[in-house]
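# Descriptive structure summary
Listed here are the chains, written in short residue letters.
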Amino acid sequence: MAFIEFLKQNVEAIGWVATSLFTVSFFVKTELSLLRAQMLAAGLWMTYGLLIDKRPVIVANALVAAGSIYKQVLLFSRDGRKRIVS
């Protein structure tokens, strides 16, 4: 329960960290890094959405996370290597 209280007390910080991770995703060089940054940011945004009780934030980022996971599975099933994002 202490962790939940910590999250509730730091809601705004969670939103800022999610924003930072999302921004970082624009500067990564490989597709895998891009997908992982998107997935982590979406996970934080979902946590943020749960804490502020906003379903659109939760659903939108659940879709982003699911898409990112799906793309990672495809990437590894196709060739298993990191590609440069242009």
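So, here is what we can say about the structure in this document. Quick caveat: nothing in here was measured; it's all calculated off a predicted structure.

## Examining the overall build of the chain
Counting its secondary structure elements, the chain contains four helices and zero strands. Starting at the N terminus, the α and β elements of the chain follow one another as α-α-α-α. The dimensions of the chain, computed from C-alpha atoms along their principal axes, are 45 × 25 × 20 Å. The burial tally for the chain puts 23% of its 86 residues in the buried class. Long-range pairs, those at least 24 residues apart, make up 62% of the contacts in the chain between residues at least 6 apart in sequence.

## Comments concerning a nonpolar patch on the surface
A contiguous nonpolar surface patch, about 510 Å² in accessible area, is contributed by Met1, Phe3, Ile4 and Phe6. With respect to the secondary-structure elements, phenylalanine 3 resides in helix 1 (residues 2-9). Under the relative-accessibility criterion, phenylalanine 3 is labelled exposed at 57%.

## A closer look at the packing of aromatic side chains
If you walk through the whole model with that rule in mind, you get two aromatic pairs. Note on phenylalanine 22 and phenylalanine 26: the rings are 5.3 Å apart at their centroids and 90° apart in plane angle, and the pair reads as edge-to-face. Taking the relative accessible area as the measure of exposure, phenylalanine 26 reaches 59% and is therefore exposed.

## Thoughts on the side chain of threonine 30
The residue threonine 30 is located in the loop between helix 2 (11-24) and helix 3 (31-52) in this model. A polar contact of 2.9 Å, which involves the side chain of threonine 30, links it to the side chain of serine 33.

## A word on the environment of phenylalanine 22
Looking at where phenylalanine 22 falls in the secondary structure, it is placed in helix 2. Its relative accessible area of 41% is what places phenylalanine 22 among the partly exposed residues. With 22 residues separating them along the chain, phenylalanine 22 and leucine 44 place their C-alpha atoms 9.9 Å apart.

Rules of the game
Residues numbered from 1 in each chain as written. Predicted model: local features only at pLDDT ≥ 70, side-chain atom pairs only at ≥ 80, totals over all residues. Heavy atoms only, no water. Helix = DSSP H or I, 4+ residues; strand = E, 2+ residues; numbered from the N terminus. Buried < 20%, exposed > 50% of the residue type's maximum accessible area, 1.4 Å probe, protein only. Contact = heavy atoms within 4.5 Å. Patch = residues over 30% accessible without salt bridge, like charges linked within 9 Å, V, L, I, M, F, W, Y side chains within 5 Å. Areas by Shrake-Rupley, 256 points an atom, 1.4 Å probe, with all protein chains shown as cover. Salt bridge = Lys/Arg side-chain N within 4 Å of Asp/Glu carboxyl O. Phe/Tyr/Trp six-rings, centres within 6.5 Å; stacked < 30°, edge-to-face > 60°. Polar contact = N/O pair within 3.5 Å; in protein donor to acceptor, adjacent residues only side chain to side chain.

Without other data, these values stay purely geometric and don't point to any function.
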